[in-house]
Amino acid sequence: MTGGIPCTKTYERVFSIIDSKELEKIFTEFLLTFSISSTNNDIINLDGRVNRESSRNETNYSDKVKPLNVLNAYSNKYGICLASEQIDDKTNEITAIPELLKRFNVKDNVITWDALNTQTANVEAVVNLKGDYVVPIKGNQGNFYNDLVLYFDEKKLEMIKAGQTKSSYLDYKEKRGENTIHYEYYQTEDVKWYFDRKKWKKLNSIGLVKKTIDNGKETKVECRYYISSLFLNIELFSKAIRNHWSVENKLHWHLDFTFKQDDNTTVNKKALMNLELVKKLCLGILTKVKPFYNNISLRRIRKILSYNFEKGLVDIMCYLLLV
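Residues numbered from 1 in each chain as written. Predicted model: local features only at pLDDT ≥ 70, side-chain atom pairs only at ≥ 80, totals over all residues. Heavy atoms only, no water.

A. Layout of the overall build of the protein chain. Along its length, the protein chain carries eleven helices and nine strands. Principal-axis analysis of the C-alpha atoms gives the protein chain an extent of 75 × 50 × 45 Å. Across the protein chain, the 49 positively charged side chains and the 41 negatively charged ones have centroids separated by 2 Å. (Helix = DSSP H or I, 4+ residues; strand = E, 2+ residues; numbered from the N terminus. Lys, Arg positive; Asp, Glu negative; His and termini not counted. Charge placed at Lys NZ, Arg CZ, Asp CG, Glu CD.)

See below:
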């Protein structure tokens, strides 16, 4: 740079005038060029993330500034963030989902989100775009949740285990430290009993996940209830439920741990949003080149790149073009 390295204010000014949606579109298209398969048959997780340090309390000299809150759509198939939407606060995720869904391919993909966003309008938005959904029902849906709890009693669970028609069962166990965790997945197309089912567009099945945790001294049981547009397909149903946490473990965690996004105190929301998009681009690239670096951690890959960035960047681009 003939004028020297720009100061932080220059970076902030430039980042604050870039159109976030255009920047994200360029980054996403760039990452997808390294994927030869089509963008369907994917499980896409929606969840919001708050940049904690971007908020400010009200003082005698300045007004209160809310933190940057971003709703993300994470692709399990490609390991990248497909779209992001800046929202005012957590409750506005509900109204932001229909708009976010328009910005990536929903057709033939399964969409998941948390219980807060399980609303009839969001379900309808997925179906209208020819996608499927597997989403949880909790107490915020009141009577519907209570009806599901009553439906999936012990007698009904035993009937599904025994191979009841239009129902399916799957289970597996895993060991975590001293805990043995037993997951049991139940899915059934028996939905005609629910009087208000037409309110939930394309409600084709309901399900339950029973999680039993045994540490050798005591046993703890947790139950979670789901609705879905999928017909009987216990493998895909269970996979969609398990993979929902990918948005937290493979996107949000890395933004916090690998890229220290929460340490950024920028109050300019547009500049901070664009900087987060750059980090998501870098995360997508690093995830794709992990095999080139023998699958070491992303932080270690970043450290190696810092020793000779020019050569490292060439190596990365060559690897991405060849795989």
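From this point, the discussion proceeds with the structure in view.
B. Inspection of the nonpolar core at higher detail. Residues Leu46, Leu101, Phe104, Ile111, Phe152 and Ile227 are the most contacted members of the largest nonpolar core, which totals 63 residues. The contacts of phenylalanine 104, once residues within four sequence positions are left out, are Ile44, Leu46, Ala73, Leu82, Ala83 and Ile111. In terms of nonpolar packing, the next biggest core, distinct from the first, is built from 14 residues, Ile43, Tyr185, Val209 and Ile234 among them. (Core = buried A, V, L, I, M, F, W, Y, C linked by side-chain atoms within 4.5 Å. Buried < 20%, exposed > 50% of the residue type's maximum accessible area, 1.4 Å probe, protein only. Contact = heavy atoms within 4.5 Å.)

C. Spatial organisation of the packing of aromatic side chains. Here the structure, examined in full by the defined rule, presents 16 aromatic pairs. For the ring pair tyrosine 169 and tyrosine 186, a centre distance of 5.0 Å and an interplane angle of 50° mean the geometry is tilted. With tyrosine 169 in strand S6 (residues 167–176) and tyrosine 186 in strand S7 (residues 179–188), this pair connects stretches of sequence that are 17 residues apart. Aromatic rings pair up to connect Phe144, Tyr145, Tyr151, Phe152, Trp193, Tyr194, Phe195, Trp200 and Tyr225 into one cluster. Taking NZ or CZ as reference, arginine 299 lies 4.5 Å from the ring centre of phenylalanine 257, over its face. (Phe/Tyr/Trp six-rings, centres within 6.5 Å; stacked < 30°, edge-to-face > 60°. Lys NZ or Arg CZ within 6 Å of the ring centre and 35° of its normal.)

D. Highlighting the layout of surface pockets. Quantified by volume, the largest pocket comes out at close to 400 Å³. Together, 14 residues line the largest pocket, and Phe259, Cys282, Arg302, Leu305 and Phe309 are the ones closest to its centre. Where the lining of the largest pocket is concerned, the elements lending two or more residues are helix H9 (269–288), helix H10 (298–307) and helix H11 (309–322). Ranked by residues supplied to the lining of the largest pocket, first place goes to H9 with six residues. Residue composition of the lining of the largest pocket, grouped by class: ten nonpolar, two polar and two charged. In this structure, the second largest pocket encloses a volume near 300 Å³. Around the second largest pocket sit 16 residues that line it, and Lys25, Thr28, Leu82, Arg103 and Phe104 are the ones nearest its centre. Within the residue set of the lining of the second largest pocket, elements represented by two or more residues are helix H2 (20–32) and strand S3 (80–87). When residues in the lining of the second largest pocket are grouped by element, the largest group, six residues, is from H2. The residue makeup of the lining of the second largest pocket, split by class, is six nonpolar, four polar and six charged. (1 Å grid on protein atoms, 1.4 Å probe; cavity = no way out; pocket = protein on both sides within 12 Å on 5 of 7 lines; lining within 4 Å. Points joined across faces, edges and corners; volume = space filled by probe spheres on them. Nonpolar A, V, L, I, M, F, W, Y, C, P; charged D, E, K, R; others polar.)

E. Structural context of the sheet that holds strand S2 (residues 68–75). Pairing is mixed across the open sheet formed by nine strands, whose spatial order is S3-S2-S1-S4-S5-S9-S8-S7-S6. The open sheet is flanked by S3 and S6, the only strands paired with a single partner. The average angle at which neighbouring strand axes cross in this sheet is 25°, direction not considered. Relative to S3, S2 is paired through seven bridges, and the arrangement is antiparallel. Bridged to serine 75 within S3 is isoleucine 80. The strands touched by helix H8 (residues 246–257) are strand S1 (43–51), S2 and S3; relative to S1, the strand with the most contacts, the crossing angle is about 35°. (Pairing = 2+ DSSP bridges. Axes fitted to C-alpha atoms, helices over the stretch in contact; angles between N-to-C directions.)

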